[in-house]
Amino acid sequence: MMFRRSVRAAAAVASLLFLASGAVAQRHAAPNALGGVELGQWQLKSADGRVRKICVSARWMLIQPMHGTAQCEHFVMQNAASSATVRYTCPGRGHGLTTLSVETPRLVSIETSGVADGSPFSEQLEGRRIGACG
């Protein structure tokens with residue numbers, strides 16, 4: 001009887017670990033839409049005409065444009081060939097929700113909202129690759 005309880009407990013733990021591994025894989029999987037996006041110097045233009053430039057050395061930087069290079073945990077909520085929605089958390093810096101649509105490897109649309117360093121934000125951005133970082 002004691003052996004059966006141990007086996008059941010081990011099976012329950014194994015099942016939980018198996019189910020949790022699926023969530024972890026989802027959390028750390030790169031969105032399909034980012035696969036073809038080119039690295040380099042990008043110009044982000046907001047709906048009100050403000051422009052800023054960023055050096056995109058890693059594609060995930062386009063998912064968290066208001067948090068720069070902060071180390072954030074990403075959770076992919078929607079993952080298609082040309083668009084993705086990602087929820088992310090940056091410990092001590094804030095969090096966000098971003099939907100990125102890829103028009104071409106050099107042109108993306110970004111809708112993002114959340115909190116950065118204690119201040120709320122909501123932005124619609126057009127991202128355009130303008131050259132190499134330098």
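Please read all numbers here as calculations on a predicted model, not as lab measurements.

Draft legend 1. Representation of the overall build of the protein within the structure. The helix and strand tally for the protein stands at 1 helix and 7 strands. Starting at the N terminus and ending at the C terminus, the protein contains elements arranged as α-β-β-β-β-β-β-β. Every one of the 134 residues in the protein was classed for burial, and the buried ones make up 34%. Intrachain contacts of the protein at a sequence separation of at least 6 include 42% that bridge at least 24 residues. Carbon and sulfur atoms make up 57% of the accessible area of the protein, which amounts to about 8000 Å² in all.

Draft legend 2. Highlighting the environment of R59. Checked against the element boundaries, R59 lands in the loop between β2 (51-56) and β3 (73-79). Look at R59 and you get partly exposed, because its relative accessible area is 33%. On a C-alpha basis, the gap between R59 and G40 in space is 9.6 Å, while along the polypeptide they are 19 residues apart. If near-sequence neighbours (up to four positions away) are discounted, R59 is found in contact with L34, G35, V37 and L39. Here L34 takes part through its backbone oxygen, which lies 3.2 Å from a polar atom of the side chain of R59.

Draft legend 3. Looking closely at the pairing of strand β7 (residues 119-131). As defined by bridge partners, strand β1 (residues 40-46) adjoins β7 across 6 bridges and the pair is classed as antiparallel. By the bridge assignment, L44 is partnered in β7 with G127. Pairing analysis gives 10 bridges linking strand β6 (residues 107-116) to β7, with the strands arranged antiparallel. In the sheet register, E111 faces β7, and the bridge partner there is Q124. Counting the residues in the hairpin turn of β6 and β7 gives 2 residues, including D117, whose phi is positive at 50°.

Draft legend 4. Geometry of the side chain of E123. Tracing the backbone through its elements, the reader meets E123 in strand β7. At a separation of 3.0 Å, a polar atom in the side chain of E123 contacts the side chain of R50. Beyond its immediate stretch of four places on either side in the chain, E123 contacts S46, R50, M66, I110, E111 and T112.

Rules used throughout
- Residues numbered from 1 in each chain as written.
- Predicted model: local features only at pLDDT ≥ 70, side-chain atom pairs only at ≥ 80, totals over all residues.
- Heavy atoms only, no water.
- Helix = DSSP H or I, 4+ residues; strand = E, 2+ residues; numbered from the N terminus.
- Buried < 20%, exposed > 50% of the residue type's maximum accessible area, 1.4 Å probe, protein only.
- Contact = heavy atoms within 4.5 Å.
- Areas by Shrake-Rupley, 256 points an atom, 1.4 Å probe, with all protein chains shown as cover.
- Polar contact = N/O pair within 3.5 Å; in protein donor to acceptor, adjacent residues only side chain to side chain.
- Pairing = 2+ DSSP bridges.

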